[in-house]
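Take a look at the letters that make up each chain.
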Amino acid sequence: MYQVLSEVYDQMQEIDYTAFADYYEAVFQKFGCRPKLVLDLGCGTGNITMELARRGYDMIGLDNSAEMLDIGAQKAKAAGYDILFLQQDMAAFELYGTVGAMVCALDGVNYLTEDGALGAMLSLLHCYLDPGGILIFDINTPYKFRHVLDGRTFIYDCEDAYCAWSSEYDEDENLCYFDLNFFFPDADGRYTRKDEYQQERVYTVDEIKECIKKQGLSCLGVYDALSFDPPQAESERLFFVVQRPA
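Residue numbers run consecutively from 1 along every chain, following the written order of its sequence. For a predicted model such as this one, the threshold for reporting local features is a pLDDT of at least 70, and the threshold for listing and counting side-chain atom pairs is 80 or more; totals across whole chains, interfaces and linings nevertheless cover every residue. Computation of side-chain values covers all heavy atoms of the structure but excludes hydrogens and water.

Novice: Residues and numbers for the packing of helix α2 (residues 17–30) against helix α3 (residues 47–54), please.
Specialist: Relative orientation and spacing of two packed helices are given, respectively, by the angle between their axes and the distance between those axes. Lines fitted to C-alpha atoms define the axes, with helix axes restricted to the stretch in contact, and inter-axis angles between N-to-C directions lie between 0 and 180 degrees. Counting from the N terminus, the helices are the DSSP runs of H or I reaching at least four residues and the strands are the DSSP runs of E reaching at least two. Closest axis-to-axis distance for the α2/α3 pair is 9 Å, and the angle between their directions is 60°. In terms of orientation, α2 lies oblique with respect to α3. For the crossing formed where α2 meets α3, the hand is right-handed. Of the residues in α3, those in contact with Tyr17, Thr18, Phe20, Ala21 and Tyr24 of α2 are Asn47, Ile48, Glu51 and Leu52. Any residue that is not Ala, Val, Leu, Ile, Met, Phe, Trp, Tyr, Cys, Pro, Asp, Glu, Lys or Arg is counted as polar, Gly included; the first ten are nonpolar and the last four charged. Here the contact of α2 with α3 is built from residues that sort into six nonpolar, two polar and one charged. To sort the angles, those under 35 degrees are grouped as roughly parallel, those over 145 as roughly antiparallel, those from 65 to 115 as roughly perpendicular, and the leftovers as oblique. Rotating anticlockwise by less than a right angle from the far helix to the near helix defines a left-handed crossing, while the corresponding clockwise rotation defines a right-handed one. The contact definition used throughout considers only heavy atoms, calling two residues in contact when any of these lie within 4.5 Å.

Here it is, written out as structure tokens:
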């Protein structure tokens, strides 16, 4: 995944990264977490990683896509940020020490599709998160998969490419499949097509809470997107705050 998408990922995004960083800092304050070193899991091209670095945090960006990390490293260097980028799997990563907090943005957890992958990722908090430290992550909700994404095609007309992004939710497999078709303009006026396929797993709140509990961690809260409001029936994105016991 992301071998093709990485080429135009930043052009396709309409994400307020400042709002994400503001929310993370609000969570830190609410739960008395004062991290100096923060790990950005599934950091992609490093937009949130750099926004947090701009605010004075020492940052590590971790992602499984070499293409995304390469773009992130180039952007960080150009901006003058000293960020360590690591190509590793979120469910099986290794660090040289612990961090004060971890974040995982934009439904990165939904990409943990294999059975046991979420538990494996959470178990690593005991190794690499400071006692009392917190993990903040968000998910696409079952409501979003069923009522917003299923059977829909989204068109992106970017500066460097045209993309048709189709979604199909499989209730039996509990997976949502994404079919991405990219068309890159050639010098002669024709287009080169490149395809990419992705999938996300659908997690319920209860399923995630049970997984957190099994790993001996504390779920401090589950909130509607970028707020401290409780989840609603039609919430499309939820945020979880998880703590490693002190």
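What follows continues from the structure just given.
Novice: How would you explain the pairing of strand β8 (residues 175–185) if you had to name every residue and give the values?
Specialist: Consecutive side chains of a regular strand alternate in pointing toward one face of the sheet and then the other. A pair of strands is considered paired only if DSSP assigns at least 2 bridges between the two. Relative to β8, strand β7 (residues 162–170) runs antiparallel, the two being bridged by nine bridges. Note that in β8 the partner of Tyr169 across the bridge is Cys176. Following β7, the chain reverses through four residues before pairing antiparallel with β8; Asn174 in that reversal takes a positive phi of roughly 60°. As paired elements, β8 and strand β9 (residues 191–201) share eleven bridges and run antiparallel to each other. Within β9, the residue paired with Leu175 across the bridge is Arg201.

Novice: Lay out the sheet that holds strand β4 (residues 99–104) with the relevant residues and their values.
Specialist: Backbone hydrogen bonds hold the strands of a sheet together, and the pairing may be parallel or antiparallel. Read across the sheet, seven strands follow the order β3-β2-β1-β4-β5-β11-β10 without closing on themselves; strand pairing throughout is mixed. Because the sheet does not close on itself, it has two edges, and the strands there are β3 (84–87) and β10 (218–224). For this sheet, the mean inter-axis angle between neighbouring strands, taken without regard to orientation, is 15°. Strand direction decides the pairing type here: strand β2 (residues 58–63) and β3, joined by four bridges, are parallel. If you follow Gly61 over to β3, its bridge partner there is Phe85. The strands that α3 touches are β1 (37–41), β2 and β4; relative to β2, the one it contacts most, it runs at about 175°.

Novice: Mind laying out the nonpolar core, listing which residues take part and the relevant values?
Specialist: We call a set of buried residues a nonpolar core when its members are Ala, Val, Leu, Ile, Met, Phe, Trp, Tyr or Cys and they connect through side-chain atoms within 4.5 Å of each other. Throughout, exposure labels follow a simple rule: accessible area from a 1.4 Å probe, protein chains only, divided by the maximum for the residue type, with under 20% read as buried, over 50% as exposed, and the rest as partly exposed. Counting residues in hydrophobic clusters, the biggest one holds 48 residues, and the most contacted among them are Met12, Tyr24, Phe28, Leu52, Ile136 and Phe182. No other element matches α2, which puts seven residues into this core. With residues up to four places along the chain from it excluded, the contact list for Leu52 reads Ala21, Tyr24, Val38, Tyr57, Met59 and Val103. Membership of the second largest hydrophobic core comes to 34 residues, among which are Leu62, Leu118, Ile212 and Leu217.

Novice: Hey, could you go over the environment of Leu84 for me, with residue numbers and the actual values?
Specialist: Mapping Leu84 onto the fold places it in strand β3. Leu84 gets classed as partly exposed once you look at its relative accessible area, which sits at 39%. Distance in space between the C-alpha atoms of Leu84 and Asp58 is 9.1 Å, their sequence separation being 26 residues. If we skip the residues at most four places from it in the chain, Leu84 touches Met59, Ile60 and Gly61.

No statement about biological role is implied by the geometric values presented.
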